[in-house]
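# Architecture and fold: a report
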Amino acid sequence: MPFDKIFKWLKGIFGSRKNFSLGLYGNPAVGKSTLANRISKDWTGEDMSEVSEIPHTTRSVVKKERVRVRLNGREITMNLLDMPGIATKVDYKDFVKYGLKVEDAQQRAKEATRGIIEAIKWLEHVDVALVVMDATQDPYTQVNITILGNLEARSIPVIIVANKMDLKKANADKIREAFPQHEVVEISALTGKNIQTLYETIAKHAG
Ligand SMILES: Nc1nc2c(ncn2[C@@H]2O[C@H](COP(=O)(O)OP(=O)(O)OP(=O)(O)O)[C@@H](O)[C@H]2O)c(=O)[nH]1
Ligand SMILES: [Mg+2]
C-alpha cells in the first residue's frame, strides 16, 4: 500500500477518536452542574460537581477528563468542563437571603467573582460550548448575549441547551426567538428528558 493510503487509513482509525473539550457556560443556577453530573454519570458512573439552588455553587472550573462517549458506532473522548456561573453583578447580600452568615456570604462573593474571570479565561480551551439556559427565565440576559458574542467571535461551535423543560413555565420558543442563529436542544438535566438528542447534537459538532 502506498504511504499516502496508509496515512489516510490510520487517520480514519484514529481521527474518529477525537479528544475534545466541552465547556458548559451560562448564568448561575441554570443547571450546568446538574447537566455535567448527568453526562458524567451516564458515561463514567460518577458525578463530578456540586449542585445547589444557591447561585454560584460552582466557583472554579470543575474538570472531568477523558470521558468516553459512544454514539452511532463512534467513540468520542471528551474533557467535560463545568464552568462557574457567569453574572454581571455579584452581591453578598443575595447569599445572606439564602441563610449564609455575612462573613461566609462575603467570602462566597469573592470566590464567585474570581470564578467568573476563570470561566472567561477558559473560553480559549473550549472546542464546543453548551450555553445552558433556564427555559423558565427570560433568555435576553446580558450574560447570554455576551457569552454567545464571545463564542461566535472565536468561531467556537455553540449548542444552546434549554434546560428545566420539566417545569410548566418552561418556554424554549422564547430562547429560539432570541437566538435564531443557534441550534436549541430542549432537555431536563434533572429528569434526563431528551439527553440522548443532546448527545447526538454534541457528536455532530465534535467533528
Ligand atoms: N426543575 C428542574 N430543576 C433543575 C434542573 N436542572 C437543575 N435544576 C435545579 O437548579 C438548581 C441549580 O442547579 P445547578 O446544577 O447547581 O446550577 P448551575 O448552573 O451549576 O449553578 P452555578 O454553579 O451556581 O452556576 C438546583 O436546585 C437544581 O436542582 C432541571 O432540569 N429541572
Ligand atoms: Mg454549578
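These lines cover the structure that appears in this document, whether it is placed above or below. (Residues numbered from 1 in each chain as written. Chains lettered and ligands numbered in written order. Predicted model: local features only at pLDDT ≥ 70, side-chain atom pairs only at ≥ 80, totals over all residues. Heavy atoms only, no water.)

## Examining the coordination of the magnesium ion (ligand 2)
Octahedral metals with six donors have ideal donor angles of 90 or 180 degrees. Tetrahedral metals with four donors have an ideal donor angle of 109.5 degrees. We apply this condition: Donor criterion used throughout: N, O or S atom within 2.8 Å of the metal, extended to 3.2 Å for Na, K and Ca. Water excluded; incomplete-looking sites may result. Strands here are runs of E lasting at least two residues and helices are runs of H or I lasting at least four, both read from the DSSP assignment and numbered beginning at the N terminus. The rule is simple: take the accessible area with a 1.4 Å probe, protein chains only, and divide by the maximum for that residue type; under 20% is buried, over 50% is exposed, in between is partly exposed.
Only Ser-33 (OG) and Thr-58 (OG1) from the protein reach the magnesium ion (ligand 2) as donors, at distances of 2.0 to 2.1 Å. Of the two residues, Ser-33 sits in helix α2 (residues 32–44) while Thr-58 sits in the loop between α2 and β2 (62–71), which places them 25 residues apart along the sequence. Relative accessible area serves as the criterion here: at 8%, Ser-33 is assigned to the buried category. Residue Thr-58 is classed as buried on the basis of its relative accessible area, which comes to 9%.

## Some remarks on the site of ligand 1
Rules: Put simply, a residue is near a molecule or strand once any heavy atom of it comes within 4 Å of that molecule or strand. Counting of polar contacts relies on pairs of N or O atoms within 3.5 Å, with two restrictions inside protein: one atom must be capable of donating a hydrogen and the other of accepting it, and residues adjacent in sequence are counted only when both atoms are side-chain atoms. Accessible surface is estimated by sampling points in the Shrake-Rupley manner with a 1.4 Å probe; for residues, cover comes only from the protein chains shown. Any residue that is not Ala, Val, Leu, Ile, Met, Phe, Trp, Tyr, Cys, Pro, Asp, Glu, Lys or Arg is counted as polar, Gly included; the first ten are nonpolar and the last four charged.
Around ligand 1 sit 22 residues, and of these Lys-32, Thr-34, His-56, Thr-58 and Asp-166 come closest. Leu-190 places a main-chain nitrogen or oxygen 3.2 Å from an oxygen atom of ligand 1. Within the complex, 89% of the 660 Å² of free accessible area of ligand 1 lies under protein. Per-element tally for the shell around ligand 1: the top contributor is α2, with 3 residues. Along the lines of polarity and charge, the residues of the shell around ligand 1 split into 8 nonpolar, 10 polar and 4 charged.

These figures come from the coordinates and say nothing about function on their own.
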